[in-house]
Amino acid sequence: MIPRKWKMYLKMYWVKFAIVAVVILLVALAVIGLNSLESYYRNITLATMPVNLLMVSLNAIIFVYMYMIFMRGGFSKLSQKLRVHGEFVNIKWSDVIGMENVKAEAMEVVQLIMDRARVKKIGGKILRGILMLGPPGCGKTYLAKAIATESGLPFVSMSGSEFVEIFVGVGAARVRALFKKARELAYGYGGCIVFIDELDAIARKRVFSAFGGTEETNSTQNQLLAEMDGLQELKDKSGEPRPEQNIIIIGATNAPEDMLDRALRRPGRFDRIIYIEKPGLEDREKLFAYYLGKVQYDKLLDVGRLARKAVYKSPADIENIIKEAALVATRNDRDAIRLEDISEAMERIDLGLKRQLTMTPREKETTAYHEAGHAVVLYILHPTNDVFKISIIPRKDTLGVTYSQPKEELYSYTKDKLLADIKVSLAGYVAEKMRFGVTSTGVSGDFKDATRIAHSMVWSLGMSGAEFLGDYTAIPESQISEDLKEKLNQETDKIFQLCLKEVEALLIKEKPILEKLVNDLLAKEELEYDEVEAIFMEFGKARTKSAW
Amino acid sequence: MVGIKKVLLLCAICYILCAALTGCGPTYPKKNVKEAVAGICTQEYGVNVKVETYDKTMFIYLPLKGLLDYSFNLTRPASEKINNVIFTAARVALSTDAKFDFYCVIAHDIKMPELQIVIIKNVEDVRRLFASDISRGEYMKRVLIDLRWSPQAKKEQVVKDIFNKMNLDQKWQDQIISDFFRSEPAAISDIGYWNDRFYIKDITLAEFLAEQIANRIKIEFRESKDLKDIFLLKSAKGLYAARKDRRLFRFEIMAERGAIGAGTTIENSDKIFEKALSMAGHVLHGYHFKDYDAVEVFDQREGRSIEVTPEELENFRMKKVKLNEIGK
């Protein structure tokens, strides 16, 4: 009896097998035929064979060209051809750094995949799909590969965007091809894992438009739904489920869950949703240790301190920081990465590269006051963030920056934090106005942030002083009375004004610190964390900071 | 593009496999050539032949029954057998490492052995025909076919007549003829088969060309409307003579003047010279033959001759010069 894997290979590659067999047969016949010829005719045949082959190839190319142009609508159709390769990945649980909770959940999924028979025996429902949600660069693909490795199944991977094509029906055809390949692999190996990255490209909520503008996305998604349903229907003659049905679909997306079509999220399709978050402090430490292990680094480097500094950084960000730090170290003629290399790398990534702009002294001074204002308010009033750097060197689209980071991950914000954010945003404006009497366009971004926060506090977070509770943005605007709107806006403005007054008072009070910061900035252009800390200590304003 | 690359790669692999697995060695090695020809003729065509080689020429003797009909034309069965033997000779000559330049088939009727058909072919001409480098018509003109009385038989007959008149014993007649009147031929025209013996020599390209040009001149005088009305060709002989440091093609033409369209004596001679030189130029150029110093045409009737150098002949062929501007 032919082993199942051989049957699978025959099914999957029968065209190639047939071509190879025909070619071998033709070559054998040609050799026999040539050997039966006298040497003169044999030599003549061999001598003319290259030209004949060339002519035949040329004819074939011309024929295919004409056929494609006139009969099939051009070569662009060829791009519709799908190539799906089942791959056997070798990524173990131990290779997935951090994400212990997620790993535990994924481990359970693996157990379910491997123990399908038992699950069925007790009448449990077999898992069909797993949806991974989370921000980019957090290791969703990596985790999917680890699931494949641990379950010992082949892994077929495609990106959602690969299904998207201008031609209607192409996406659906690709979905069919993907599942056909998966079924073949499942037949040979007893199961298969299909991983669709960037699932949102085909899994967005379907739009049922009379104009048919979104039919392609709809049809692709419909096909995906049909394939996922169809998996349950394959049974052999004895009524037992056939191995072709053992397919687990893992989808990954960074789009919010409610952006995805509900039909996909219902049980029987993507049964289980795994939320993958950015790594916590402990995971970041592990990630730094892992990536630093791949490069030469100063052994005195405190991985914990790095992890604390890299709040909200994804694993991909951390990998990038180490990569960038290695470049910085090389540029500085160092054999090993040091803390300052990593700091510079993080700044380069977060703040962008420095720009060589020729600013007037007035512009520089305005920027210095603006940033110093931010820094003073941030340092004294902000409950969660630290000032890590103040700079009046232009970067990206700004003339200066006050670089702050939260001391730890925050998953919810308090009223104090939001008010402090507004005050920090307004501080640049107040500082400019105090010094020059007029302000620059540099405040536009700050105002936008402050207004947005204040508006949210009143309209949707119930954080105004008055009794306006509820999310007024959930109500259609036409159903909100003008009077209420006015009151809400007045509350927003009130928050704004209160914050403004508080900032003005603070900056007047702390003018010596402000002036000191401005002078130092104009002299040095950039102030590091320690220098900022020293200035505030000098004025007796030091507060307890985290030890990074 | 990837698909095209794959197809071309597959073609190349197939070709290399075919070439590597078949090899390019000769089918008929030099040492087995005679047996090969005789074997093919016997096995494939049921014809018994004798084969002899002389340097770069292969000779095949083919005895037949009913070679000619009452009108001295080849009979159909004889013609088929001769063609089969010629084809066999070509197959072997092309697929051997013996490097033959010519092959010659000598056929005669066993009832009338004195009358022989001698067919001489240049192996390179055959190769060029198969490669479509020359037309079939041109190829046929390049073949020497001669129906002739065996020169050796003729010679022996004369001697035997004398011996008979002398009442010499038959046994002695044969002995004397064998000892004193059997010699290797000096020219292509002497090649033949007589009394179980080949009379052969190595054929050189130069003498083959001389014979071929003479043959073509004969055909031209017979077929060209311009010439056949004016002349009645009696004979055209071609020979190549290499003496000391002079190599000469000489063509002797004997043509009687016809009744219609004849001009003056000189004009008629010039027409013969013109046609003969034109033919010589064409043939020598066709074979890229340069191993000669002069071409001479002799009009036997008028006793006039013309001798041209290779350069003059080439210019005349290219119609760059006229007849009165060349020769001496």
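Residues numbered from 1 in each chain as written. Chains lettered and ligands numbered in written order. Predicted model: local features only at pLDDT ≥ 70, side-chain atom pairs only at ≥ 80, totals over all residues. Heavy atoms only, no water.

### Some words on the overall build of chain A
Logical step 1: The helix and strand tally for chain A stands at 20 helices and nine strands.
Logical step 2: Evaluated residue by residue, chain A yields a buried proportion of 45% over its 548 residues.
Logical step 3: Taken as a whole, chain A presents about 28600 Å² of accessible surface, with 57% of it coming from carbon and sulfur. (Helix = DSSP H or I, 4+ residues; strand = E, 2+ residues; numbered from the N terminus. Buried < 20%, exposed > 50% of the residue type's maximum accessible area, 1.4 Å probe, protein only. Areas by Shrake-Rupley, 256 points an atom, 1.4 Å probe, with all protein chains shown as cover.)

### Observations regarding the overall build of chain B
Logical step 1: For chain B, the helix and strand inventory stands at eleven helices and eleven strands.
Logical step 2: Here chain B holds 328 residues, and the buried ones make up 43% of them.
Logical step 3: Summarising the internal contacts of chain B: among those between residues at least 6 apart in sequence, 59% fall at separations of at least 24.
Logical step 4: Roughly 17800 Å² of accessible area belongs to chain B as shown, and the carbon and sulfur atoms make up 53% of that amount. (Contact = heavy atoms within 4.5 Å.)

### Overview of unusual backbone geometry
As a rule of thumb, non-glycine residues mostly have phi less than zero, and peptide bonds are mostly trans rather than cis.
Logical step 1: For Glu525(A), which is not glycine, the phi dihedral falls at a positive 70°.
Logical step 2: On the secondary structure map, Glu525(A) appears in the loop between α19 (511-524) and β9 (526-528).
Logical step 3: A relative accessible area of 26% places Glu525(A) in the partly exposed class.
Logical step 4: One non-glycine residue, Asn195(B), lies in positive phi territory at about 55°.

### Here we look at helix α17 (residues 444-459) of chain A
Residues and elements named next belong to chain A.
Logical step 1: Its 16 residues give α17 an end-to-end C-alpha distance of 22 Å, which sits within 8% of 22 Å, the value for a rise of 1.5 Å per residue.
Logical step 2: Within α17 the residues assigned to the buried category are Asp446, Ala450, Ile453, Ala454, Met457, Val458 and Trp459.
Logical step 3: Those residues of α17 that are buried lie in contact with α15 (361-381), α16 (415-436) and α18 (482-509). (Expected span 1.5 Å × (residues − 1).)

### Focus: a nonpolar patch on the surface
Logical step 1: On the surface, a cluster of nonpolar side chains totalling about 1200 Å² of accessible area is made up of Val51(A), Met55(A), Leu58(A), Ile62(A), Phe63(A), Val64(A), Tyr65(A), Met66(A), Tyr67(A), Ile69(A), Phe70(A) and Met71(A).
Logical step 2: Tracing the sequence through the fold places Ile62(A) in helix α3 (residues 39-71). (Patch = residues over 30% accessible without salt bridge, like charges linked within 9 Å, V, L, I, M, F, W, Y side chains within 5 Å. Salt bridge = Lys/Arg side-chain N within 4 Å of Asp/Glu carboxyl O.)

### Quick notes on the interface of chain B and chain A
Logical step 1: The partner chain A presents 19 residues to the 23 residues of chain B that form the contact.
Logical step 2: Contact between chain B and chain A buries roughly 1900 Å² in total, counting both sides, with carbon and sulfur atoms accounting for 67%.
Logical step 3: Area buried by chain B at its contact with chain A is led by Tyr15(B), Cys18(B) and Thr22(B), which between them contribute 30% of it.
Logical step 4: Between chain B and chain A we count one salt bridge in total.
Logical step 5: Residues Glu38(A) and Arg91(B) are paired through a salt bridge, measuring 2.6 Å at the closest nitrogen-oxygen approach.
Logical step 6: Taken together, chain B and chain A are joined by six residue pairs in polar contact (both at pLDDT 80 or more).
Logical step 7: Examining the composition of the side of chain B that touches chain A, we find that eleven residues originate from one element, helix α1 (residues 2-22) of chain B, more than from any other.
Logical step 8: A per-class count over the side of chain B that touches chain A returns 16 nonpolar, five polar and two charged. (Buried area = accessible area lost by both parts, 1.4 Å probe. Polar contact = N/O pair within 3.5 Å; in protein donor to acceptor, adjacent residues only side chain to side chain. Nonpolar A, V, L, I, M, F, W, Y, C, P; charged D, E, K, R; others polar.)

### Thoughts on the nonpolar core
Logical step 1: Core analysis: the biggest nonpolar cluster contains 49 residues, and Ile390(A), Ile422(A), Met457(A), Ile495(A), Leu507(A) and Leu517(A) have the highest contact counts within it.
Logical step 2: Every element with two or more residues in this core is listed here: α15, β7 (385-391), α16, α17, α18, α19 and α20 (529-538) of chain A.
Logical step 3: No other element matches α16(A), which puts ten residues into this core.
Logical step 4: With residues near it in sequence (within four places) discarded, Ile390(A) still touches Glu371(A), Ala375(A), Val401(A), Thr402(A), Leu517(A), Leu521(A), Glu525(A), Glu526(A), Leu527(A) and Val532(A).
Logical step 5: Among the nonpolar cores identified, the runner-up in size contains 48 residues, and Leu144(B), Ala255(B), Tyr292(B) and Val295(B) belong to it. (Core = buried A, V, L, I, M, F, W, Y, C linked by side-chain atoms within 4.5 Å.)

### Some words on the packing of α19(A) against α20(A)
Residue and element names in this part refer to chain A.
Logical step 1: Remark: α19 packs on α20, axes separated minimally by 10 Å, with the N-to-C direction vectors making an angle of 150°. Two packed elements cross with a definite hand, and for α19 against α20 that hand is right-handed. Between α19 and α20, the residues in contact are Ile513, Lys516, Leu517, Asp520 and Lys524 and Glu531, Ile535, Phe536 and Glu538, respectively.
Logical step 2: Residue composition of the contact of α19 with α20, grouped by class: four nonpolar, no polar and five charged. (Axes fitted to C-alpha atoms, helices over the stretch in contact; angles between N-to-C directions. Left-handed = near helix turned anticlockwise from the far one by under 90°.)

### What about the layout of surface pockets?
Residues and elements named next belong to chain A.
Logical step 1: In this structure, the second largest pocket encloses a volume near 1400 Å³.
Logical step 2: Around the second largest pocket, the lining is made up of 45 residues, and of these His374, Val401, Thr402, Asp446 and Asp449 lie nearest the centre.
Logical step 3: Those elements that place two or more of their residues in the lining of the second largest pocket are α14 (339-351), α15, β8 (401-406), α16 and α17.
Logical step 4: Ranked by residues supplied to the lining of the second largest pocket, first place goes to α15 with eight residues.
Logical step 5: The residue inventory of the lining of the second largest pocket, partitioned by class, reads 14 nonpolar, 18 polar and 13 charged. (1 Å grid on protein atoms, 1.4 Å probe; cavity = no way out; pocket = protein on both sides within 12 Å on 5 of 7 lines; lining within 4 Å. Points joined across faces, edges and corners; volume = space filled by probe spheres on them.)

### Quick notes on the sheet that holds strand β5 (residues 144-149) of chain B
Residues and elements named next belong to chain B.
Logical step 1: In spatial order, the strands read β1-β2-β3-β4-β5; together these five strands make up an open sheet with mixed pairing. In this open sheet, the two edge strands, each paired with only one partner strand, are β1 (50-54) and β5. Going from strand to strand, the sheet's axes swing by 20° on average, the running direction of each strand aside.
Logical step 2: Relative to β5, strand β4 (residues 112-122) runs antiparallel, the two sharing six bridges. Following the sheet pairing, Ile120 is matched in β5 by Leu144.
Logical step 3: Here helix α3 (residues 76-94) sits on the sheet in contact with β2 (57-64), β3 (102-109) and β4, set at roughly 155° to β2. (Pairing = 2+ DSSP bridges.)

### As for the side chain of Asp520(A)
Logical step 1: Relative to the elements of secondary structure, Asp520(A) occurs in helix α19.
Logical step 2: Look past the residues within four positions of Asp520(A) in its chain and what remains in contact with it is Glu525(A), Leu527(A) and Ile535(A).

### Description of the packing of aromatic side chains
Geometry of an aromatic ring pair is reported as the spacing of the ring centres plus the angle between the planes.
Logical step 1: Tallying each qualifying case throughout the model produces 26 aromatic pairs over all chains.
Logical step 2: Ring centres of Tyr40(A) and Phe130(B) lie 6.1 Å apart, and the angle between their planes is 45°; on these two criteria the pair is classed as tilted. Linking Tyr40(A) in helix α3 with Phe130(B) in helix α4 (residues 123-130), this pair reaches from one chain into another.
Logical step 3: With a centroid separation of 5.7 Å and an interplanar angle of 65°, the aromatic rings of Phe221(B) and Phe231(B) are classed as edge-to-face. Of this pair, Phe221(B) sits in helix α8 (residues 205-223) while Phe231(B) sits in strand β8 (residues 231-243); the two residues are ten residues apart in sequence, bridging distant segments of the chain.
Logical step 4: Given a relative accessible area of 4%, Phe221(B) falls into the buried group.
Logical step 5: We classify Phe231(B) as buried; its relative accessible area is 3%.
Logical step 6: Joined through ring pairs, the aromatic side chains of Tyr240(B), Phe249(B), Phe251(B), Phe289(B) and Tyr292(B) make up one cluster.
Logical step 7: Of note, Lys11(A) hangs over the ring of Tyr187(A), and the distance from its end group to the ring centre comes to 4.2 Å. (Phe/Tyr/Trp six-rings, centres within 6.5 Å; stacked < 30°, edge-to-face > 60°. Lys NZ or Arg CZ within 6 Å of the ring centre and 35° of its normal.)

### Considering the pairing of β8(A)
Across a regular strand the side chains alternate sides, sitting on one face of the sheet and then on the other.
Residue and element names in this part refer to chain A.
Logical step 1: The buried fraction of β8 is high, at five of six residues.
Logical step 2: Sheet topology note: the β7/β8 ladder contains six bridges and is antiparallel. If you follow Ser391 over to β8, its bridge partner there is Val401.

### With respect to the pairing of strand β10 (residues 294-299) of chain B
Residues and elements named next belong to chain B.
Logical step 1: Burial within β10 is extensive, with five of its six residues counted as buried.
Logical step 2: Here strand β9 (residues 246-257) runs beside β10; their pairing, made up of six bridges, is parallel. In the sheet register, Glu252 faces β10, and the bridge partner there is Phe298.
Logical step 3: Bridging between β10 and strand β11 (residues 304-308) involves five bridges; their strand directions are antiparallel. What sits directly across from Val295, in β11, is Val308.
Logical step 4: Once β10 ends, the chain turns through four residues before running back antiparallel as β11, passing Gly303 with a positive phi of about 70°.

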